[in-house]
Amino acid sequence: MIVKVFVSPRKGILDPQGRAAEGALKSLGFGTVGSVHVGRYIVLEIDAVSRGAAEDEARKMCDQLLVNPLIEDYRFEVEGG
Amino acid sequence: MKWGVVQFPGSLDDRDTVYALREVMGQDAVLLWHKDEQLSGAECIVLPGGFSYGDYLRCGAIARFSPIMKSVIKFAQEGGVVVGICNGFQILCEAHLLPGALTRNRSLSFICDQVTVRVENNQTRFTRAAKQGELLKLPIKHGEGCYVAPEADLLQMEERGQVILRYVDASGHETDEGNPNGSMRAIAGVANERFNVFGLMPHPEHAVEKSLISGDDGLKLFQSIIGSAR
């Protein structure tokens, strides 16, 4: 099964990459742009018997290694199953 | 005193740290390989600067799970003295041996510079040889040195005196220009609650010889630890 994990800077934590991208977009004339946040996108291929099992496994992986909850938030989507 | 300096793949300052300890301070220092679990009887473990595992995922996130870290974590939990410099500081935060995390510099640039830090608490085994409020000039070289922690944790850390070093300007004042990377409360170095684990972004091991441009203010920190062991 494929699990797509979206990691983003935690709200309230300084996100200089997002700020820089935001400034650049505005200076390109994109007046419609509000705030910009730059995160990370991780694709996991997981060998699991069910969707629920894949979700449990992905959550454990995020909590143990892939995400630092002090500075990042995450959500994920499971494909297939 | 016997020191153990850990080598991770991508460590840079391991040999400089051993040089500073052995040649400048006359200490017994050995290199410890990341795949080993033996600490070889070291009384103080140093996690050196560098880019362990290429800084992939997050700085220190992968090194934190290397075999030797199991022993380092156990050693620290039993009260053993552990110091993390730069990447070593990042690894200690990822391993939850120190509070907080280190994120991208506010400027987004890698900074290589000489900074001034103020000793905020000299009643620790890491700063005993310095005066309270003493200014130390130390080099920094990092891209991810912006210290962050939840506000409630910061308040507690300040109360307990865990904020050991703070970035200041050359005159010793806490100013925006004095804070090179945007760290919360201009934090440059912190200890754990038990004061046996210490992490800092500046490099004391690169400031141990007066004849070189970095000066020798780094000696104060090493001498404090050596003095505490006697």
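Residues numbered from 1 in each chain as written. Chains lettered and ligands numbered in written order. Predicted model: local features only at pLDDT ≥ 70, side-chain atom pairs only at ≥ 80, totals over all residues.

1. Things to note about the overall build of chain B
Stated precisely, the cut-off is as follows: Segments assigned H or I by DSSP are reported as helices when at least four residues long, segments assigned E as strands when at least two residues long, and all are numbered from the N terminus. Each radius of gyration reported is based on C-alpha atoms, and the globular scaling rule is 2.2 Å times the count of residues to the power 0.38. Counting other C-beta atoms within 10 Å of a residue's C-beta gives its exposure: the residue is buried at 20 or more, exposed at 12 or fewer, and partly exposed in between, where C-beta atoms are placed from the backbone. Each residue is represented by a C-beta atom placed from its backbone, and any two residues with such atoms within 7 Å are regarded as in contact.
Secondary structure summary: chain B contains five helices and 11 strands in total. Against the 2.2 N^0.38 benchmark of 17 Å for 230 residues, chain B shows a C-alpha radius of gyration of 16 Å, consistent with a compact globule. With respect to the principal axes defined by its C-alpha atoms, chain B has extents near 45 × 40 × 30 Å. Put simply, chain B has 230 residues, and 54% of those count as buried. The contacts of chain B with a sequence gap of at least 6 include a subset with a gap of at least 24, amounting to 75%.

2. As for the overall build of chain A
Broken down by element type, chain A carries two helices and three strands. Secondary structure elements of chain A occur, N-terminal to C-terminal, as β-α-β-α-β. Rg of the C-alpha trace for chain A: 16 Å, well past the compact-globule value of 12 Å for 81 residues, more than 25% over. Across its three principal directions, the C-alpha atoms of chain A cover 50 × 25 × 15 Å. Buried residues in chain A amount to 17% of all 81 residues. In chain A, 67% of the contacts between residues at least 6 apart in sequence involve partners at least 24 apart.

3. Description of the sheet that holds strand β1 (residues 2-9) of chain A
Residue and element names in this part refer to chain A. This is how it is decided: One bridge is not enough; two strands pair if DSSP finds at least two bridges between them. Axis lines are fitted through C-alpha atoms, for helices just across the contact stretch, and the angle between N-to-C directions can take any value from 0 to 180 degrees.
Reading across from one edge, β2-β1-β3 is the order of the three strands in this open sheet, with antiparallel pairing throughout. Sheet topology places β2 (40-45) and β3 (72-79) at the edges, where each strand pairs with a single neighbour. Sheet twist, expressed as the mean angle between neighbouring strand axes with direction ignored, is 20 degrees. Inspection of the sheet shows β1 paired to β3 by eight bridges, in the antiparallel sense. Each bridged residue has a counterpart across the sheet, and for K4 the counterpart in β3 is E77.

4. Re the nonpolar core
Our working definition: Buried Ala, Val, Leu, Ile, Met, Phe, Trp, Tyr and Cys residues form a nonpolar core when they are connected through C-beta atoms within 7 Å.
Counting 74 residues, the largest nonpolar core has I45(B), V82(B) and L92(B) as its most contacted members. Setting aside its immediate chain neighbours within four residues, L92(B) contacts L47(B), G84(B), L97(B), L98(B), V197(B) and G199(B).

5. Details of the sheet that holds strand β10 (residues 187-191) of chain B
Residues and elements named next belong to chain B. As summarised here, the arrangement of the nine strands in space is β2-β1-β3-β4-β11-β10-β9-β6-β7, forming an open sheet in which the pairing is mixed. Lying at the two open borders of the sheet, with one neighbouring strand each, are β2 (28-33) and β7 (135-142). Here the average twist between neighbouring strands, direction ignored, is 25 degrees.

6. Let's talk about the environment of A48(A)
Residues and elements named next belong to chain A. Mapped onto the fold, A48 is located in the loop between β2 and α2 (51-66). For A48, a count of 16 C-beta atoms within 10 Å corresponds to the partly exposed category. When the C-alpha positions of A48 and V67 are compared, they lie 21 Å apart, and in sequence the two are 19 residues distant. Non-local contacts of A48, meaning those with residues more than four positions away in its chain, are made with M1, A53, A54 and E57.

7. Let's talk about the confidence of the model for chain B
Our working definition: Note: pLDDT gives the predictor's confidence per residue, expressed from 0 to 100.
Looking at chain B as a whole, the pLDDT averages 96, with 100% of positions reaching at least 70. At the level of chain-chain contacts, confidence expressed as ipTM amounts to 0.88, with global pTM at 0.95.

8. A look at the interface of chain A and chain B
Applied cut-off: Lys, Arg, Asp and Glu make up the charged group, whereas Ala, Val, Leu, Ile, Met, Phe, Trp, Tyr, Cys and Pro make up the nonpolar group; the residues left over, Gly among them, are polar.
Each partner contributes to the interface: chain A provides nine residues, whereas chain B provides 12 residues. Here the side of chain A that touches chain B gets three residues from one element, more than from any other, and that element is helix α1 (residues 16-27) of chain A. When grouped by side-chain class, the residues that make up the side of chain A that touches chain B number seven nonpolar, two polar and no charged.

9. Topic: helix α2 (residues 67-77) of chain B
All names here are of chain B. Test applied: Along the arc lie the directions from the helix axis toward the C-beta atoms.
Those residues of α2 not exposed but buried are I68, M69, V72, F75 and A76. The arc enclosing the buried residues of α2, seen along the axis, measures out at 120 degrees, which places them on a common side. Exposed and oriented more than 90 degrees from the buried face of α2 are K70, K74 and Q77. The first or second residue beyond α2 is G79, which carries a positive phi of 100 degrees.

10. A few points about unusual backbone geometry
Residues and elements named next belong to chain B. Residues other than glycine seldom take positive phi values, yet L108 does so here, at roughly 70 degrees. Here L108 shows up in the loop between β5 (101-103) and β6 (111-119). At A186, a residue that is not glycine, the phi angle is positive and equals roughly 55 degrees. Structurally, A186 is set in the loop between β9 (163-168) and β10. Look at A186 and you get buried, because 22 C-beta atoms sit within 10 Å.

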